[in-house]
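In case you want the letters, here they are:
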Amino acid sequence: MAVNIVVSIFGQCTGFILDPIRCQFEYIFCYDSTIETLRDKVKDLENKEIDVRQLVVEAERNAEAIKPGVKDWLQKVDDLKKQAYEVLESATNSEIQCLFLTCPNLKTRHSLGGKAMEKNAEVAKLLVEGTFQKVGEPKPLVQTRYQNRGDFVAFKTRILTKKKIMEALKDKDVNMIGICGMPGVGKTTMAYEIANEVNVDKLFDEVAISVVSHDPDVTKIQDQLADMLGLKIEEKSNKIVRAGRLRERLGGDRSRSILVILDDVWEYIELETIGIPSSGDDKGLKILLTSRFEDVCSNMGAQRKFDVDVLSEEESWELFKGKAEISDDATHIIKGTSQKVARECRGLPLALVIVGKALRKRGEHAWKNALEELRHSRVTNIKGVHKVVYSRIEFSYNYLESDEAKSLLLQCSLFPEDDDINIEDLVRYAWGLELFRDTMSLITTRDRVKSIVDNLKSCYLLLSTSGEKYVRLHDVVRDACLQIASKDGHAYMSKHIGLKEWPKHDNCELYNAIDLTLDELNRLPSGLEYPNLRFLAVNCKSKSLDIPKDFFEGMKELRVLDFTSMRSQIPSSIQLLTNLQTLCLDKCKLNIENSSIGNLKKLEVLSFYGSGLDHFPNDIAELSNLRLLDLRLKYSSIYRPLPLPPGTLLQLKKLEELYMGFVEIRDDELEQRGYIIKEISSLTDLNTFQISTNDPQFLLQILHVLCIEELERFNIVLTDLKHAHINDTRYSFQRRLQIEGIADSSMLSQPAMNSLMRRADHLSIVMGMNDLDDLSLQVMERKNMLDEDGFEYLNRNHQIGAFDRLQEINLCGIPSMKYLWKGVIKPPSLHNLVTLNIRNCPLVTSLFSKSVALCMVNLQIISISNCEMLEEIVSVDIEQNEVTQMLEFPKLWKVDLGNLSNFKGFISGSNKIVGVVNPIFDQVTLPNLELLYLYELDCTVKLLDELRQIRSDKLRELKVECLDDVSILFDFEYIEDDAEINILNQLTSLDVIFLPKLVHFARMFPKGICIFENLTLLKVSNCDNLRYLFSPSAANSLVALKEMWVAECKAIEEIIGRQEEDDISNIEIVEEGITSRIVFPKLISLTLFRLNTFRLLSSQNYELMFPSLEYLHIEDCPVMIKLCSRQLSAPKLDKVWISKELSVDISNFLDFEGIHVSS
């Protein structure tokens, strides 16, 4: 064994010694073969390189990024080839000449052989490493600018919406945002512009967009998002795995922020099934939705929703002008006609773009024809309009969830363009047309109509108006609906402009609905045949109309007939309408003596709202199926409605809704009072009741026989004859009680009145007496507002949630009232209160406690005036342990405070410490305030301090009047940041009236900032210490000002004064040190009235420019002889009005020696 170990050790030692020696000899004796091997391997490497470089070219053509390993390999190949060629070249030149033979140079061979053998090994390694399956990979997406189909235009309305969306995206607590709007309004355009903005601002690391559409394809959505994120999802069929891949990409790296935009979402879609993490799971991920359905955004969980509205008329023209390429030198006819065409597009961007492009570079005849087509709802004849605009609206229509919604929308299309559609009209039409088969009462039909209207508004097929009782239909949507309604063997006719005769048409049997406004037609034709007509509405515009006796003979399928504003006699042929269910004869002057209305046995809705009758139709009692009877006849001081004949109501056992109108009971008509009360008591199905009367006892007797708790809707008005013609005209209502001008206070304590007040949602009490002692809700359920004992009574007898239906309070002329509510209440009490109006209550010192204020989460309007003892609106009740903290009214948008001579502040504590002046809105924030009116307040008001405290960036109207201590309107001296300046950015209207100590409009105006960039209207009057209106800095910030009115300021000498000290202006310098330019780019109208010391617009060295000024009125300015001391540019102004009727040439005000003008 020992021998074996020795032999083994000896062998290894020999190998260590001999191998290096052998290699040295191989360098010399295997030299030729080593060199040849290197040549061959280099050749192989070059071929391999060619193959790889070809793959690289193909990858680059496919926009792939070359892998770093491939790039390194190619570089190593280049380096190694150079080294190998050096060895091979040296080998060729390494031999030496020996006599006549070439002899090998052993030393050189030894060196080159070693290098060649080394390079052979390196080449072999590179040949192995050069086997690549893929040389490239998809490049990370570079976020480029997204192209908008409609081209985002920087209009004011769009910029404001975009700004709000960007602010929401920056809010760390907001993860999902919805952009809503009707088809074609620009939701997608807005979303793409947001994507561009966040890329520029680097708000997100990545942005991914997918179009969802009405029939979402999850795989397609995933692929679109994955492509934009540079993610390759190999799985094609397994949706769960695909969703997991995308979810990991979107939420795997918490350090990166990603914005996902889902465009055109039609219905709720589960984001997790796509692979989008829940919005709350990852704070770095935010989702932006666009949808034409507001409820979809809500259902998806959008925390903020933004409406994209139609464009204003000015914005519409700018967009249309650009798309139609209308130059400034276009003919007068084309320019005028094109403006009218633009107006017909009603601010819808898609329609403006499509119509504008369709008419680009067209002649006058094409423009006139387009206007005619648009005005007569034939826009499908304009190339491209139907395909793009109408197809989208039709798709939205087809997507509606029920035939009921479709039918109601088509019914809306019959109304005139831009008409406010009363929802109550829709209720009566829907009932007569039997649009809803399963509604058994008018109440349920009304609820169904309102629900569908809300749905259609959420789809933006209907638009909201200023009042909740009305809706509107965008004209483009209306035209599309009329087209839709006239398909498949049916036809709708809606004509409301220039109708001088009954429309001529073929195929009368196709018409199901006709709605007409008669301009000059005063006689309807005979012999009309509309065998399938179910709806007919005619508005006569208060003209006399001759209706032939046989007019209705060819309309026997008619279900709804509506004549409005007509003076006529109803023909006897109306009795042939045996299928008629709704008959509305509103605002008419009617002769119905021989109308035979009683023969309409199927009639269920009969309305004479606002009409005058020559006599009362006795045969109404024969309409045993009647469910709604509207007798709110015309009433005035010279027109008294005919009394209801005895027995009329007794036979109407099915009556659900009775509208009595104004019922005047005279001393000699007690019999009428008796039978009316008796007949009303027989109406056991009544759920809606309206009456207005001047007789408190008559009203109380009616309330006694009515089951008040069963009334779903009521509008009850107790008034004197002076106000009777005002108070009975409310067409639609919910639960309303109004008492006005009545001196009998005892009736307020009656249980029936008490019950009404408890259930009312609108309460108005305007008393005409002085004996209501502490009008407290111990007398009426709302009367506990005023008296502590009454409140304790209310607290004992009413559960939590009292007053939860109350929406409006209007109290006026209650001389003994000291407060509104006293004590603590809890939600949901008062949570529906929207409007609070208190006037002429001289003893009120405060309105309610803080606990009451905290319940008013929906309060929108507060108006308080002529309450001379009022010190505060909200009191802090220390006895109830109310904590002093910031109070917010989240929905309050209008505050009107006036003639309050003892007012200290909105909430207890303001301005109560001697020597300390706090803002009157101290401890109160109103984040959505839009309108603020302050007048005749006997306290110190510093406007900027007030606005900073309110913290609203939505203020658009500000009116200050009769504030004695205001010397500087806007003092910017202590403003520290831009956020505080932004409180004035949305201001559009400013009224400054009777500020006797006002010296400066603005002081220490911030340099380089457009503070009043949206101000369009400015009125200043009766400020007798004001010597000039603006500094140059302030003047140059008025970039949007359109109208300025300055009147009766005794000391004012000029509009623009000197620049303030230490204030660097942002004025454009024309010639440094000589003339500065001040521009009012949009000022159209300037009025200077009764300014006794006014000399000129500016005495300083400024060039004034008014490029848009068209109207200049200068009256009673006796010392004014010229407009300015330097050059003035007003290219659109050629005359100056010196009174309402008289004008002079502007040259009179430009010459230094100009005419002295006064009146």
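- The name recorded for the chain in an unreviewed UniProt entry is Disease resistance At4g27190-like, from Olea europaea subsp. europaea.
- We quote the UniProt Sequence similarities (unreviewed entry) comment for the chain here in full: "Belongs to the disease resistance NB-LRR family."

1. Let's talk about the packing of helix H16 (residues 403-412) against helix H17 (residues 423-433)
Part 1: At their nearest, the axes of H16 and H17 sit 11 Å apart, and the two run at 120° to each other. For the element pair H16 / H17, the angle class is oblique. Every pair of crossing elements has a handedness; the one defined by H16 and H17 is right-handed. Of H17, the residues touching H16 (which contributes Leu408, Gln411 and Cys412) are Leu426, Tyr429 and Leu433.
Part 2: For the contact of H16 with H17, the residue count by class is five nonpolar, one polar and no charged.

2. Points about the sheet that holds strand E5 (residues 176-180)
Part 1: Taken in spatial order, the five strands of this open sheet run E6-E7-E8-E5-E9, and their pairing is parallel. What marks the edges here is a single partner per strand, and that holds for strand E6 (206-213) and strand E9 (304-307). The mean inter-strand angle of the sheet, taken between neighbouring strand axes irrespective of direction, is 15°.
Part 2: Pairing of strand E7 (residues 258-265) with strand E8 (residues 285-291) involves five bridges; the strand directions are parallel. Looking across to E8, one finds that Leu259 is bridged to Lys286.

3. Some remarks on the sheet that holds strand E31 (residues 872-875)
Part 1: Across the sheet, three strands lie side by side as E29-E31-E34; this open sheet has parallel pairing. Looking at strand neighbours, the two that pair on one side only are strand E29 (848-849) and strand E34 (905-907), the edges of this open sheet.

4. As for the nonpolar core
Part 1: Membership of the largest hydrophobic core comes to 198 residues, with the highest contact counts inside it found for Phe563, Phe608, Phe848, Phe889, Leu969 and Phe970.
Part 2: Looking at this core element by element, the count peaks at five residues for helix H21 (residues 696-705).
Part 3: By size, the runner-up hydrophobic cluster in this structure holds 118 residues, among which are Leu271, Val341, Leu359 and Val476.

5. A word on the packing of aromatic side chains
Part 1: Under the definition given, this model contains 19 aromatic pairs.
Part 2: Summarising the aromatic geometry, the rings of Phe551 and Phe552 are spaced 5.1 Å apart at their centres and angled 80° between planes, so their arrangement reads as edge-to-face. Across the pair, exposure class does not vary: Phe551 and Phe552 are buried alike.
Part 3: With a centroid separation of 5.5 Å and 55° between ring planes, the pair formed by Phe970 and Phe1012 is classed as tilted. Linking Phe970 in strand E38 (residues 968-971) with Phe1012 in the loop between strand E40 (1000-1003) and strand E41 (1017-1021), this pair joins segments that are 42 residues apart in sequence.
Part 4: When its relative accessible area of 0% is taken as the criterion, Phe970 is described as buried.
Part 5: Its relative accessible area of 0% is what places Phe1012 among the buried residues.
Part 6: Ring pairing ties together the aromatic residues Trp502, Tyr511, Tyr530, Phe551, Phe552 and Phe563, which thus form one cluster.
Part 7: Positioned above the aromatic ring of Phe436 is the side chain of Arg448, whose terminal nitrogen or guanidinium carbon lies 5.7 Å from the ring centre.
Part 8: One residue, Arg713, lies across the ring of Phe733, its end atom 4.6 Å from the ring centre.

The rules behind the values
- Residues numbered from 1 in each chain as written.
- Predicted model: local features only at pLDDT ≥ 70, side-chain atom pairs only at ≥ 80, totals over all residues.
- Heavy atoms only, no water.
- UniProt positions renumbered as here; feature names shortened; annotations may be inferred.
- Axes fitted to C-alpha atoms, helices over the stretch in contact; angles between N-to-C directions.
- Helix = DSSP H or I, 4+ residues; strand = E, 2+ residues; numbered from the N terminus.
- Parallel < 35°, antiparallel > 145°, perpendicular 65-115°, else oblique.
- Left-handed = near helix turned anticlockwise from the far one by under 90°.
- Contact = heavy atoms within 4.5 Å.
- Nonpolar A, V, L, I, M, F, W, Y, C, P; charged D, E, K, R; others polar.
- Pairing = 2+ DSSP bridges.
- Core = buried A, V, L, I, M, F, W, Y, C linked by side-chain atoms within 4.5 Å.
- Buried < 20%, exposed > 50% of the residue type's maximum accessible area, 1.4 Å probe, protein only.
- Phe/Tyr/Trp six-rings, centres within 6.5 Å; stacked < 30°, edge-to-face > 60°.
- Lys NZ or Arg CZ within 6 Å of the ring centre and 35° of its normal.

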